[in-house]
Amino acid sequence: MGRSSAVGRRASLPLDRIVFWLWVALLFGLLAVAPDMMSRFQLLNLSGFLLNGFLAMGLCLIWGSCGILSLGQGAFLGLGGYAYGIIGINLIEDHGNTILALAGGLAVPVVFAAFLGLVLFYGRLKGVYVAILMLVVALLFESFLNQTAGPGWAIGEAHLGGNNGLGRFSGVMREPPSLSFGLGEERGLEFVGSTRAFFYLVSALLLVTYLALQALVHSRYGLVMRAIRENPERTESLGHDIRLVQLLVFCLGAGLAAISGILYVSWGNFITPDVFGVYNNILPVIWVAVAGRMSLTATLVGTVFLAWLSQRLALEGDYALIVLGSILVLSMMVAPEGILKALGDAVMRGLRALQGRARQGAEGGA
Amino acid sequence: MTAPAILEASGITMSFGGLKAVDGISLGLMAGELRCVIGPNGAGKSTFFKILGGQLKPSSGRIRFAGRDITRAGPHRRALLGIGVKFQSLDIYPGFSVAENLMLPLLHRGRDAERETARLLAELELEGSEALVAGQLPHGEKQRLAIGMALALRPQLLLLDEPTAGMGPEETAAIAALVRRVNEQGVSVMVVEHDMAFVKQLEAPITVLHFGRVFAEGSFQEIESHKEVRQIYLGG
């Protein structure tokens, strides 16, 4: 449903644009009225599903647009969440806001991604090696944090809490605070996970991020990213420093994962080492692959739906990953580019055919 | 007064384990020169080409381009310095439109890019095809587009590896005319090729490689009548 990137279909670009902006208006409308149609618990859950969108769109960007499959985006989500939580716990009483925690939650994973990206891309690693290395990095964080249960594992007031993580389960006085803005001791705007304010914050941020990423992938930089995905050697010979582009895109993906991590901690006021685990690293890959890794729109819609489905399945028993895995296999067989992407493309083909027929009719009438 | 050398490769060696694919090749190209590099399979042509393009780093030897040492420079740096490359494989993005293919090397140009795209489409005789998906073009037009992408960099030196692979006589003649035209505009061109009909049409000096070394040099007539070259390359 996203705008087509092929100039080969330039004649129908206005139709693509119309459909795209209609979709954005629909999305905006749905998000605007959702709180009035839901209970507080449902709203809390929907916020939880939506905040995964940043992580998924980041993966869509680095994998779908630039061809870098990472099986360890959970590492950046976790680092963002932990950094936000640790700084937030320590500074919330003094500062009354989480601005520094937010900055730290973004900076730590992005700086780490820059370091990792330098090694990966300037070392000319690619393909499956990047994917596996990222998973290993994430699992190392999980292993490390799981053994931080003792009282000695604390950063200021923040006890890392081993596999209980940061939060009320760690038996400490302070849990990671909800996002709050404002200066001085007086807390300004506070975004508690179960509130409309938090939902609207996530929705607005998601919509802005979605539009910004759409603009990016359809810009000249997006063209270079797609060229790297298709043929990195050729792109390099056309004068583009592909290592730098890959590094920047990788850092952007890490930043988006970090936003998910920060919002997740702010939403639930806790985070555990599980976020670095295999399940939480593979799940986003399934969301993006099933929905359509080359479409931000498909990724966004598919992620929210599959996150909801995962929760429903988890309530029924330990079937979530089996069912999601089966959906992945099925979608790879039926629509390798992603089910929602294929559906969106089919709808656009239908609309173009209708447009063509209408034009012919009009010309015939004239 | 002789033209200055645009490209000087000296003592280029490339070893893969115990195998020396390129064994001490020294080869120069004058500014504005058109030269063909030929040789039988396994002569080291494509390896030497990739070393010139920056895709491979030589085990030893130096490469100078326009007086600057580029031996360790990566492919993108060489492209920005003025070396346009078209590899042996079909070097287009088949899923992109013709215009997008040409835009990729032009993105460094900023505002100039659209005007330059139009100029290139005319140069390549691809006017009216800009909105087509490149993968759907006929084979000859794909090859022309691939050459055009290298030309879009406004190179001082154009490196072409088998630009007529898989083409019929008419398309081959069209590519030969295009290469000569580009050369007449002042661009130095090095063509790695084994299609002798194409090489003949270029009317350019030839360097013959064999077992990773320079085996012979001369005009087409000289190479064609060279007894040992006929033995190793022309089969008799």
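These notes cover the structure that comes with them. (Residues numbered from 1 in each chain as written. Chains lettered and ligands numbered in written order. Predicted model: local features only at pLDDT ≥ 70, side-chain atom pairs only at ≥ 80, totals over all residues.)

**A closer look at the overall build of chain B**
Point 1. A count of helical and extended segments in chain B gives nine helices and ten strands.
Point 2. A globule of 236 residues ought to have a C-alpha radius of gyration of about 18 Å, and chain B, at 18 Å, matches this closely.
Point 3. With the C-alpha coordinates of chain B rotated into their principal frame, the extents come out at 50 × 45 × 40 Å.
Point 4. Here chain B, with 236 residues, has 44% of them falling under the buried criterion. (Helix = DSSP H or I, 4+ residues; strand = E, 2+ residues; numbered from the N terminus. Rg over C-alpha atoms; globule rule 2.2 N^0.38 Å. Buried ≥ 20, exposed ≤ 12 C-beta atoms within 10 Å, placed from the backbone.)

**Thoughts on the environment of A:Tyr264**
Residue and element names in this part refer to chain A.
Point 1. Relative to the elements of secondary structure, Tyr 264 occurs in helix α10 (residues 242-268).
Point 2. Separated by 101 residues in sequence, Tyr 264 and Asn 163 have C-alpha atoms that sit 17 Å apart.
Point 3. Once residues within four sequence positions are removed from consideration, Tyr 264 is found in contact with Leu 51, Gly 81 and Ile 271. (Contact = placed C-beta atoms within 7 Å.)

**Remarks on the packing of helix α2 (residues 40-50) of chain A against helix α7 (residues 196-217) of chain A**
All names here are of chain A.
Point 1. Orientation of α2 relative to α7, taken along the N-to-C sense of each, is 25°, at an axis distance of 10 Å. Taken together, the axes of α2 and α7 lie roughly parallel to each other. Viewed along their axes, α2 and α7 form a crossing whose handedness is left-handed. Two secondary-structure elements touch here, α2 through Leu 43, Leu 46, Ser 47 and Leu 50 and α7 through Arg 196, Phe 198, Phe 199, Val 202, Ser 203 and Leu 206.
Point 2. Taken together, the residues of the contact of α2 with α7 break down into seven nonpolar, two polar and one charged. (Axes fitted to C-alpha atoms, helices over the stretch in contact; angles between N-to-C directions. Parallel < 35°, antiparallel > 145°, perpendicular 65-115°, else oblique. Left-handed = near helix turned anticlockwise from the far one by under 90°. Nonpolar A, V, L, I, M, F, W, Y, C, P; charged D, E, K, R; others polar.)

**A closer look at the interface of chain B and chain A**
The parts lose accessible area when they come together, and the size of an interface is often stated as this lost area.
Point 1. Across the boundary between the two partners, chain B contributes 23 residues, which contact 18 residues of chain A.
Point 2. Elements with a contribution of two residues or more to the side of chain B that touches chain A: α2 (75-81) and α3 (98-106) of chain B.
Point 3. Counting residues per element, the side of chain B that touches chain A draws most heavily on α3(B), at five residues.
Point 4. Within the side of chain B that touches chain A, the residues separate by chemical class into 15 nonpolar, six polar and two charged.

**Things to note about the sheet that holds strand β1 (residues 5-16) of chain B**
All names here are of chain B.
Point 1. What the four strands build is an open sheet, ordered β2-β1-β4-β5; its pairing is antiparallel. What marks the edges here is a single partner per strand, and that holds for β2 (19-30) and β5 (68-69).
Point 2. The pairing of strand β4 (residues 60-65) with β5 spans two bridges and is antiparallel. Residue pairing in the sheet places Phe 65 in a bridge with Arg 68 of β5. (Pairing = 2+ DSSP bridges.)

**Considering helix α6 (residues 128-146) of chain A**
Given 3.6 residues per helical turn, the α-helix brings residues three or four places apart onto the same face.
Residues and elements named next belong to chain A.
Point 1. Here α6 spans 27 Å end to end across 19 residues, near enough to the 27 Å set by a 1.5 Å rise per residue.
Point 2. Residues of α6 that are buried: Val 130, Met 134, Leu 135, Ala 138, Phe 141, Glu 142 and Leu 145. Within α6, the buried residues cover an arc of 135° as seen down the axis, which keeps them to one side. Turned more than 90 degrees off the buried face of α6, the exposed positions are Val 128, Tyr 129, Val 136, Ser 143 and Phe 144.
Point 3. Close packing links the buried residues of α6 with α4 (73-95), α5 (99-122) and α11 (278-291). (Expected span 1.5 Å × (residues − 1). Arc of directions from axis to C-beta.)

**Describing the pairing of strand β7 (residues 157-161) of chain B**
Residue and element names in this part refer to chain B.
Point 1. Of all five residues in β7, five are buried; the element is thus mostly enclosed.
Point 2. Because side chains alternate across β7, one face comprises the buried residues Leu 157, Leu 159 and Asp 161, and the other comprises Leu 158 and Leu 160, equally buried.
Point 3. Of the strand pairs in this sheet, β7 and strand β8 (residues 188-192) are connected by five bridges, and their pairing is parallel. Considered in β8, the bridge of Leu 158 is made with Val 189.
Point 4. Between the parallel pair β7 and β8, the chain is carried across by helix α6 (residues 169-184), and the sense of this crossover is right-handed. (Right-handed = clockwise from strand over helix to strand, strands pointing away.)

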